Amino acid sequence: MTPLLQVDKLVKRYGGLVATDHVSLALQSGELHAIIGPNGAGKTTLIGQLGGEVRPDSGSIHFDGHDITAVPTAQRALRGLARSFQITSVFPEFTVLENVVLAMQAHCGHSFGFWKPVLQQAELVEPARHAIGQAGLRHRTDAPVAELAHGERRQLELAMVLVAKPKLLLLDEPMAGMGHQESGKVVDLLAGLKGGYTILLIEHDMDAVFALADRISVLVNGRIVASDTPAAIRVNEQVRMAYLGDEELPS
Ligand code: ATP
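Residues numbered from 1 in each chain as written. Predicted model: local features only at pLDDT ≥ 70, side-chain atom pairs only at ≥ 80, totals over all residues. Heavy atoms only, no water.

### Observations regarding the site of the ligand
Phase 1: Tyr14, Leu17, Ala19, Pro38, Asn39, Gly40, Ala41, Gly42, Lys43, Thr44, Thr45 and His204 make up every residue found near the ligand.
Phase 2: At 2.5 Å from an oxygen atom of the ligand is found a side-chain nitrogen or oxygen belonging to Thr44.
Phase 3: When the ligand is considered free in solution it has 640 Å² of accessible area, and contact with the protein chains removes 59% of it.
Phase 4: Elements with a minimum of two residues in the shell around the ligand: strand E2 (17-27) and helix H1 (43-51).
Phase 5: In terms of residue count, the dominant contributor to the shell around the ligand is H1 (three residues).
Phase 6: Considered class by class, the residues forming the shell around the ligand number five nonpolar, six polar and one charged. (Near = heavy atom within 4 Å. Polar contact = N/O pair within 3.5 Å; in protein donor to acceptor, adjacent residues only side chain to side chain. Areas by Shrake-Rupley, 256 points an atom, 1.4 Å probe, with all protein chains shown as cover. Helix = DSSP H or I, 4+ residues; strand = E, 2+ residues; numbered from the N terminus. Nonpolar A, V, L, I, M, F, W, Y, C, P; charged D, E, K, R; others polar.)

### Here's the deal with empty space enclosed by the protein
Rolled over the atoms, a probe with the dimensions of a water molecule shows which regions are left empty.
Phase 1: Scanning all chains against the criterion turns up one cavity of 30 Å³ or more.
Phase 2: In this structure, the largest cavity spans a volume of roughly 90 Å³.
Phase 3: Lining the largest cavity, in full, are Ser84, Arg154, Gln155, Glu157, Leu158, Leu171, Pro174, Met178, Val186 and Leu189.
Phase 4: Where the lining of the largest cavity is concerned, the elements lending two or more residues are helix H5 (150-162) and helix H6 (180-193).
Phase 5: When residues of the lining of the largest cavity are assigned to their parent elements, the largest contribution, four residues, is made by H5. (1 Å grid on protein atoms, 1.4 Å probe; cavity = no way out; pocket = protein on both sides within 12 Å on 5 of 7 lines; lining within 4 Å. Points joined across faces, edges and corners; volume = space filled by probe spheres on them.)

### Points about the environment of Leu158
Phase 1: Position of Leu158 relative to the elements: it lies in helix H5.
Phase 2: Judged by its relative accessible area of 6%, Leu158 falls in the buried class.
Phase 3: Distance in space between the C-alpha atoms of Leu158 and Leu169 is 9.5 Å, their sequence separation being 11 residues.
Phase 4: Other than its neighbours up to four places away in sequence, Leu158 contacts Ser84, Ala135, Leu169, Leu171, Leu190 and Leu193. (Buried < 20%, exposed > 50% of the residue type's maximum accessible area, 1.4 Å probe, protein only. Contact = heavy atoms within 4.5 Å.)

### A short note on the packing of aromatic side chains
The relative placement of two aromatic rings is captured by the distance of their centres and the angle of their planes.
Phase 1: In total, this model carries one aromatic pair according to the counting rule given.
Phase 2: Geometrically, the ring pair formed by Phe91 and Phe94 is tilted, given 5.4 Å between the ring centres and 35° between the ring planes. (Phe/Tyr/Trp six-rings, centres within 6.5 Å; stacked < 30°, edge-to-face > 60°.)

### Thoughts on the domain arrangement of the chain
Phase 1: Here the domain parsing of the chain yields domain 1 (1-80 + 167-251) and domain 2 (86-165).
Phase 2: Inter-centroid distance (C-alpha atoms) of domain 1 to domain 2 is 26 Å.
Phase 3: At the interface, 17 residues of domain 1 touch 13 residues of domain 2.
Phase 4: Of the roughly 1,200 Å² buried where domain 1 meets domain 2, counting both sides, 63% is carbon and sulfur surface.
Phase 5: Counting every contact that joins domain 1 to domain 2 gives zero salt bridges.
Phase 6: At the junction of domain 1 with domain 2, the criterion picks out four residue pairs in polar contact (both at pLDDT 80 or more).
Phase 7: Counting only elements with at least two residues in the side of domain 1 that touches domain 2, the list comes to helix H2 (73-78), strand E7 (168-172) and H6.
Phase 8: With five residues, the top contributor of residues to the side of domain 1 that touches domain 2 is H6. (Domains from an automatic or database assignment. Buried area = accessible area lost by both parts, 1.4 Å probe. Salt bridge = Lys/Arg side-chain N within 4 Å of Asp/Glu carboxyl O.)

### What to know about the environment of Glu182
Phase 1: As for its placement among the helices and strands, Glu182 is situated in helix H6.
Phase 2: Judged by relative accessible area, which is 28%, Glu182 ranks as partly exposed.
Phase 3: A C-alpha to C-alpha distance of 6.3 Å links Glu182 and Gly151, two positions 31 residues apart in sequence.
Phase 4: Beyond its immediate stretch of four places on either side in the chain, Glu182 contacts His150, Gly151 and Glu152.

### Quick notes on the sheet that holds E7
Phase 1: Taken together, the six strands give an open sheet; going across it, the order is E6-E7-E8-E3-E9-E10, and neighbouring strands pair in mixed fashion. In this open sheet, the two edge strands, each paired with only one partner strand, are strand E6 (81-84) and strand E10 (223-228). Direction aside, the axes of adjacent strands within the sheet are offset by 20° on average. (Pairing = 2+ DSSP bridges. Axes fitted to C-alpha atoms, helices over the stretch in contact; angles between N-to-C directions.)

### Describing the nonpolar core
For soluble globular proteins, nonpolar side chains are generally found buried alongside one another.
Phase 1: By size, the foremost hydrophobic cluster in this structure holds 51 residues, and its most contacted members are Val100, Leu156, Leu190, Leu201, Ile216 and Val218.
Phase 2: When residues of this core are assigned to domains, at least three map to each of domain 1 (1-80 + 167-251) and domain 2 (86-165).
Phase 3: Excluding anything up to four places from it in sequence, Val100 contacts Ala128, Ala131, Ile132, Leu156, Ala159, Met160 and Val163.
Phase 4: Formed by 22 residues, the second largest nonpolar core is a distinct cluster that contains Leu4, Val7, Ile47 and Leu81. (Core = buried A, V, L, I, M, F, W, Y, C linked by side-chain atoms within 4.5 Å.)

Below you can see the structure in the form of structure tokens.
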């Protein structure tokens, strides 16, 4: 089966530092693949290259059968490669529903009747409500975004990405800054999305990663040192060495 995402020998240098060192990676449709690695291993740089914000020095990225190595971020999103991270274009005084509807409208371009109030357009509102439910925010549908707690705001970001029905979801530390209870909620949400979406997850919360991932790739100094099932990664000696003094692998 052709992988949905195929990364081949990707290299990114910052001066003398090789932040991405010949990284190759393949994601099958429906897989939840996690990338872990100690601080400074190159996770953010790698996801930046997948999202299109960082230009690789060499190597290639194929997505859904096309070479997207040089394709700009916005076009990658239109092709179904969506990255969820701190979204700046949230309107705090608007409700959750309004923000998700606007995200849907932005994704679809102008094809909906702009003269009609957006909340009267069922073709926008229904998918938005669905995405809000998927992100676990149904009870906050009509709340102004300014009133959301930190964790709820991250859930909103997820809803704003899900509404575009991405083929591949790049999740960059979705649990960052969350307490135990909040991150547990996000683990449950992602478990619910598993299988229906192809997900590349970068996350420091090892309990979450080991609970969710089908496969885990471990980055150390820009290189993938292991790519395997959670059970195999847990007992991989090279991985344990890389993590000494850093985040604990769950036992
Ligand atoms: P963390 O887990 O701490 O977020 P990371 O695994 O995401 O780390 P990166 O942020 O990708 O790692 O950084 C990899 C290396 O590249 C680090 O040594 C970092 O200092 C360096 N680096 C990242 N971005 C730049 C940049 N724009 N200019 C110079 N060096 C950079």
